[in-house]
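# Topology and contacts: notes
Take a look at the letters that make up each chain.
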Amino acid sequence: MDHILSILIFFPLLAGILGFVVDKGSAKAYGISVATVEFLLAMWLWMSFDNANAGMQFTEFAPIISQFGISYNLGVDGISLFIVIMATLITLLGIILLDESKIANMKNMIVSLLFLEMTMVGVFLSLDAIIFYMFWELSLVPMLYLIGAWGGPTRVYAAIKFFLYTFAGSLVMLVGLLAMAYLYHLEAGVWTFNLLDWYQLDLSTDLQFWLFLSLFAGFAIKVPMFPFHTWLPHAHGQAPTIGSVILAAVLLKMGTYGFVRFSLPLFPDASVSMIPFIMTLSLIMVVYTAMVAFAQKDMKQVIAYSSVSHMGVIMLGVFAMNAEGLGGSIFLMLSHGIVSGALFMLVGVIYERTGTKMMSEFGGLAQVMPIYATVFGVMLMASVGLPLTIGFVGEFLVLLGFYQVSPIGTIIAGLTIIIGAVYMLTLFKRTFFGPITNEKNRNLKDLDRRELTALLPLVAIVIWLGIYPKPVLGPIDNSVQKLLVEMEYKARTQEAKDMIISMKPEKEESDKEAK
Amino acid sequence: MIGVSHYLILSGLLFSIGFVGVLRRKNLLMLFFATEIMLNAVNIAFAAIGNYYGDLSGQMFAFFVIAVAASEVAVGLGLLIVLYKKYGSLDLEVIANMKG
Amino acid sequence: MESLVYIALFAPFVGSLFAGLFFARSPKSILVGVVNPALIGVSFLASVALAMHVAEFGAVHVTMMDWISMGGLNIPFGFLVDEVSVTMMLVVTLVSTVVHIYSNGYMDHDKSFNRFFAYLSAFVFSMMILVMSDNLAGLFIGWEGVGVCSWLLIGFWYHKEDKPFEENPSISPSWAANEAFIMNRIADLGMLVGIFLIYWNVGSLQYNVVFDALPNLADGLLVGIAIALFIGAMGKSAQFPLHTWLTDAMEGPTPVSALIHAATMVTAGVFLVIRMSPLYSMEAVSGVSMFIAALGTFVAFYAASMALIARDIKRIVALSTLSQLGYMFAAAGLGAYWIALFHLAAHAFFKALLFLGAGNVMHAMDDELDIFKMGGLRKVMMGSYIYMGIASIALAGLPFFAGFYSKDAIIETAFNEGTYLIWIMLVITAGMTAFYSFRQVFFSFHGEERWKPLGFNPHDMYKYVLVAMAPLAILAISFGWFMDGYKAFITKNLPAYEMSDHTHHIAWLLGALVVLFAVIGIWIAYRKYAGKGAMAWQRDEKVENSFIYKLLENQYYVPHAYDRFIVQPYIVASDKFWEWDNKIVDGTVDTIAKTIYDAGDKSRTMQTGNLSTYLNWMGAGALLLIVAAAISAVIG
């Protein structure tokens, strides 16, 4: 298994191509088996992952266009490992949740999902800017298809908006990447798109600033940061359940991952000097979109806007410039993926039963669907960051880390635990509590076996990683600390060096002080 | 004495006639004629300048142009016949079906 | 000893899982009703054993495993059983055991019997984590855990519909549950800030490390930490202005009110202040401590004033809880931590008893809450009458009952500190306390049987339930007798608060004053509500229309103010933001897209399909290029 990463990326693609010849009736079974194998591969990757090694592992390298230094370059570290695992898991569970009787053209859907899985895994494993960009853009295609083909009434508008908006941003990002390669060429005399080589490049603060901005365009739209978030409610509103699940759980994480993988180590000075700007946007995201979420009438839109709000917290963590915040934000990416994925699944379940997502149509569902209400309740509590659920660990670490940057900012961001509870509890009360107001809901069936198979693993993870997050936090911690050390080393201005807290030496100092 | 400038003026005049023809004519066949006029105008200029500099490549180019023009006319006229059979006319207004 | 710690901690958890996983969907199961109380009982016995161990050998400290470890942060699941936490453990498990047994009777006819026990045991588990953790993050786990269990239990009858505020001030159980959760979250943010401050300045969240590091911290920082943590305590212990949720929380089943909203959870804030006593007793934060005492006194008086006229039997008890919490904070703020803890324990016993008695009345009266519809119940409910009487005497602080010792000590402390305003307020409040608790007792158990015309058929609670309540009654009477022994035990951990000689000399006078006020209160209540004669039972229209009565009846208009100045503006702002999001943010994007689209649409007319037009455009383009070339040639 030397080429485990290549296998991880291209197995879904090959299986997807093969999927065209699979019999229509067995398409879902085929999808499940492929996704299971893929998930097991990802788990195998974790098993053989060296927790003590903070650097890139399982690296693969093959030149493609050596004149321009474009190469097939893969690697995984603690930052990307778990996102990959989560992506494969969410795909698997999403496919399990698909209802064969409700979805036309199941085969096409399975094939698009497998193709999407390839691009998702590819993005997180690429270490070459061009390969990264390729997967990044390719991921738009199957998602465009998912929304456009299986979506709601205004699906075409939503799909095109999603595609063009994110595409426009990523073109600016491409310019930035090319400029980066050019600058490297100027400096070193050779062309390369190898990210690890780029890390070595020392840039003036001016250049850093402009390059940061160009990459920001691509990443921020994907995250999506305020005010570039408006494609998301449309996309979620129209996408089929599986589309929303993957979009929220994985695709959004590509943006924040980009910040961690590219912006921070490549432009440490610019990152530090941009903290006030990022903080302002993120705080607006956290508070403003949470309030917008409160105003929604449609369950799915509540969760869509809550995603934006939580992504704001993740962004704060990324720019906390210390291991607590940055590591917390990566853990929060995972937890938000799990929790928002599950919430979208849950909304999908009720939508399949009743054909509506409007809260006003519901009320008192806890009486007819107790298991559904329980699962929803667990996810709700994880979403509002209850300790001993997965949501708390990341949120706590991020807020803790960001406190070092700005206490006031942290208090404003901390409002998320209040207004997050406000909109989620309001949603829960309107939907599940009170008397049954709509007679149609009186005979709703509770979760069936298919839905439980998809949802219970997520419940288990929510609780497991809430109580014992160490197996995940350990590798993240290692890689994040390495990243911070590199950043501090590379930073030019003293201000940036002071801001970036790379732990190892600092810790010893504080230990000494304590003594 | 007729100098090179006279030839160039003639060439320019012919080219302009061809150019106006291309812009104004609505019949495909006439467009073809107009382009032929333009090509020949260029040929005259080539030949004249080639002679003026005592360089044969100008005249050689003219021959190339004549050869290419001839083959183009052969193909073009064939296409025109097909078009005529299809639409019963060579008027551009009639065969305009790529309207955006 | 380690295993005892784990037994004490996890027995309730096992009970919760047992009821939750195996019986969640099945109808009422006797097994759950037996096993769950038994497991809590086991936890209580383990706590007793631990208490004896602690008394003899000192604190037990165990570390189970790592929880969060990232960067410089390392939070273990560690548990500390020392004098303070073991007191809490005993109180929690004892009251919980009684309440569990009691619930067997009270929830007898409820179709979600098993679910109730799952929640209730989960609550006990969370509370145990809260008191036993050896670090602030662990405390926060329990802190939020009890919050969620409280949310689940307040909203236990979630199927009830929302009523307008005028009809039911708590609107509905689910509404009250959300209110409690959200209000607690506001305070939790303060607590988180306190935790962050401690972490970034101390580098650890372990109590012992933090306490060791406190003297090295700057004064301003200490004040910041103290304020932030106290904000957290204000939420859980429902101190003004975060108090409105507590009375609304009475929407939950009565055993829940007894356990969570009287005896245990609401005292968590007091516990936090006591736990952090090394911080709050520092010179630098004396201002904060004084504020705590002042706020506690204010709340004690404020809540008691509302209880004077309340008609809802549970609200009266809830308000008295609030008032007693104020007493505890007053003691803690004045530095008498062990007295606060002593009052906390005493209060837990008699208040739980009072609540359970009120629950008996409700059970007998088919969930009727209005004391105006009761009366003369002592004839049919002798057992409950005696219990309620005992609890009320203890609450009022008559001699030789538990409340007499603990409350008297607090009032004495206020006098001793020279904070006479606090002292006077507390003495007056003691009189009010006696008045409203006996008003309630007289209203429901004495006088004519007003329920008869209304068609109620009251009957006393099951015998075994009444027997199960006996330990609380015994402790409500006798807990105060152990005060000196307890002082010797607890002051190994907490600062011993000593009265000055002067106070000591006139202690009997102070005590007599408090008793005098209490007796006057009871006497007024008796004259007005239980006596025979023209005065009794007359509803005084003039009083009820007076401004003060209206003010008290509407809880000083605080819920109205919250609704008007916080909730409604928030809703309006949210709707506005949504509108802006659509119109401005999304509108801008759409405008850009539309501009590009329109540009294409306009230029589409160029594409006529007519070759001639294209050629014209080409000619124009060619000319343009030639002109441009010519110009550049001339300029260049």
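Residues numbered from 1 in each chain as written. Chains lettered and ligands numbered in written order. Predicted model: local features only at pLDDT ≥ 70, side-chain atom pairs only at ≥ 80, totals over all residues. Heavy atoms only, no water.

### Re the nonpolar core
Grouped together as the largest cluster of nonpolar side chains are 460 residues, with contacts concentrated most on Leu 279 and Tyr 280 of chain C. Filtering out sequence-adjacent residues up to four positions away, Tyr 280 of chain C remains in contact with Ala 226, Leu 229, Phe 230, Val 273, Val 285, Val 288, Ser 289, Ile 292 and Tyr 337 of chain C. In terms of nonpolar packing, the next biggest core, distinct from the first, is built from 11 residues, Val 22, Phe 32, Ala 34 and Leu 90 of chain B among them. (Core = buried A, V, L, I, M, F, W, Y, C linked by side-chain atoms within 4.5 Å. Buried < 20%, exposed > 50% of the residue type's maximum accessible area, 1.4 Å probe, protein only. Contact = heavy atoms within 4.5 Å.)

### Regarding the confidence of the model for chain A
Across chain A, the average pLDDT comes to 90, with 97% of residues at or above 70. The model gives residues 505-515 of chain A a pLDDT under 50, and that stretch makes three contacts with residues more than four places away or in other chains. (pLDDT = per-residue confidence, 0-100.)

### Some thoughts on the packing of aromatic side chains
Summed over all chains, the structure comprises 75 aromatic pairs over all chains. Aromatic pair Phe 116 of chain C and Phe 117 of chain C: ring centres 6.1 Å apart, planes at 90°, arrangement edge-to-face. With relative accessibility at 0%, the residue Phe 117 of chain C sits in the buried group. Connected via pairs of aromatic rings, a cluster forms that spans Phe 132, Trp 136, Phe 212, Phe 216, Phe 219, Phe 259, Phe 262, Phe 277 and Phe 319 of chain A. Over the ring of Trp 136 of chain A we find Lys 222 of chain A; its NZ or CZ atom is 5.1 Å from the centre of that ring. (Phe/Tyr/Trp six-rings, centres within 6.5 Å; stacked < 30°, edge-to-face > 60°. Lys NZ or Arg CZ within 6 Å of the ring centre and 35° of its normal.)

### Overview of the packing of helix α4 (residues 113-132) of chain C against helix α11 (residues 268-275) of chain C
When two helices pack together, you describe them by how their axes are tilted relative to each other and by the distance separating the axes. All names here are of chain C. Packing of α4 against α11 brings their axes to within 10 Å, and their N-to-C directions diverge by 20°. Considering the angle they form, α4 stands roughly parallel to α11. Between α4 and α11 the crossing geometry is right-handed. On the side of α4, the interface is formed by Met 127, Leu 130 and Val 131, while α11 contributes Ala 268, Phe 271 and Arg 275. Considered class by class, the residues forming the contact of α4 with α11 number five nonpolar, no polar and one charged. (Axes fitted to C-alpha atoms, helices over the stretch in contact; angles between N-to-C directions. Helix = DSSP H or I, 4+ residues; strand = E, 2+ residues; numbered from the N terminus. Parallel < 35°, antiparallel > 145°, perpendicular 65-115°, else oblique. Left-handed = near helix turned anticlockwise from the far one by under 90°. Nonpolar A, V, L, I, M, F, W, Y, C, P; charged D, E, K, R; others polar.)

### What about the side chain of Glu 137 of chain A?
Take Glu 137 of chain A: it is sitting in helix α5 (residues 129-138). No salt bridge is formed by the buried Glu 137 of chain A, whose closest oppositely charged neighbour, Lys 222 of chain A, lies at an N-O distance of 6.0 Å. (Lys, Arg positive; Asp, Glu negative; His and termini not counted. Salt bridge = Lys/Arg side-chain N within 4 Å of Asp/Glu carboxyl O.)

### Some thoughts on the interface of chain C and chain B
Every contact between the two is made by 11 residues of chain C and, on the other side, 14 residues of chain B. Both faces combined, the contact of chain C with chain B buries some 1,000 Å², and carbon together with sulfur accounts for 60% of it. The largest per-residue losses of area from chain C upon contact with chain B belong to Asn 610, Ser 612 and Leu 615 of chain C, which jointly make up 36% of the total buried on that side. Across the chain C-chain B interface, the total number found is zero salt bridges. Along the contact surface separating chain C from chain B lie two residue pairs in polar contact (both at pLDDT 80 or more). Tallied by class, the residues present in the side of chain C that touches chain B amount to three nonpolar, seven polar and one charged. (Buried area = accessible area lost by both parts, 1.4 Å probe. Polar contact = N/O pair within 3.5 Å; in protein donor to acceptor, adjacent residues only side chain to side chain.)

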